[in-house]
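Commentary on secondary and tertiary structure
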Amino acid sequence: MNFDIAQMALSAGRVLLVGLLFGAGLPALFALGMRLQSAGTGEVDGEAPGTRRPLLTAAGWILFALVIAVVLAGVLFITRLSIYHYFGISLFGVGR
């Protein structure tokens, strides 16, 4: 058996990077969306309501939509073989 330590380290690094991206990146985007949503309504850090900023509110909603889209894509990617088996729908190039 031939072990390629460099290839194993590269693969482990990729797994670590993707894990950090999804494990910490998505919650960070969600938290940023919450902060922007709060700032857009004029309520920041529990202070009295200030001026409304619709651009910040829209940016918060865009981040929420992005997080939801990534989560849905992840669920579809995980279940792609079952979806192809039961419904014949090819997702992410499965079944071609």
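Model, not experiment: these values are computed from the prediction.

Inspection of the entire model under this criterion finds three aromatic pairs. Seen in terms of ring centroids, F30 and F64 are 5.4 Å apart; in terms of plane orientation they differ by 45 degrees. Their pairing is tilted. Residue F30 is located in helix α1 (residues 5-41), and its partner F64 is located in helix α2 (residues 54-78); the two are separated by 34 residues in the primary sequence. The structure contains a cluster of three or more aromatic residues connected by ring pairs, namely F30, W61 and F64. For R80, the ring lying beneath its charged end belongs to F77, and the centroid distance is 4.0 Å.

Mapping Q37 onto the fold places it in helix α1. For Q37, a relative accessible area of 18% corresponds to the buried category. Polar side-chain contacts of Q37 include one of 3.4 Å to the side chain of W61. With residues up to four places along the chain from it excluded, the contact list for Q37 reads L56, T57, G60, W61 and F64.

Conventions used here
- Residues numbered from 1 in each chain as written.
- Predicted model: local features only at pLDDT ≥ 70, side-chain atom pairs only at ≥ 80, totals over all residues.
- Heavy atoms only, no water.
- Phe/Tyr/Trp six-rings, centres within 6.5 Å; stacked < 30°, edge-to-face > 60°.
- Helix = DSSP H or I, 4+ residues; strand = E, 2+ residues; numbered from the N terminus.
- Lys NZ or Arg CZ within 6 Å of the ring centre and 35° of its normal.
- Buried < 20%, exposed > 50% of the residue type's maximum accessible area, 1.4 Å probe, protein only.
- Polar contact = N/O pair within 3.5 Å; in protein donor to acceptor, adjacent residues only side chain to side chain.
- Contact = heavy atoms within 4.5 Å.

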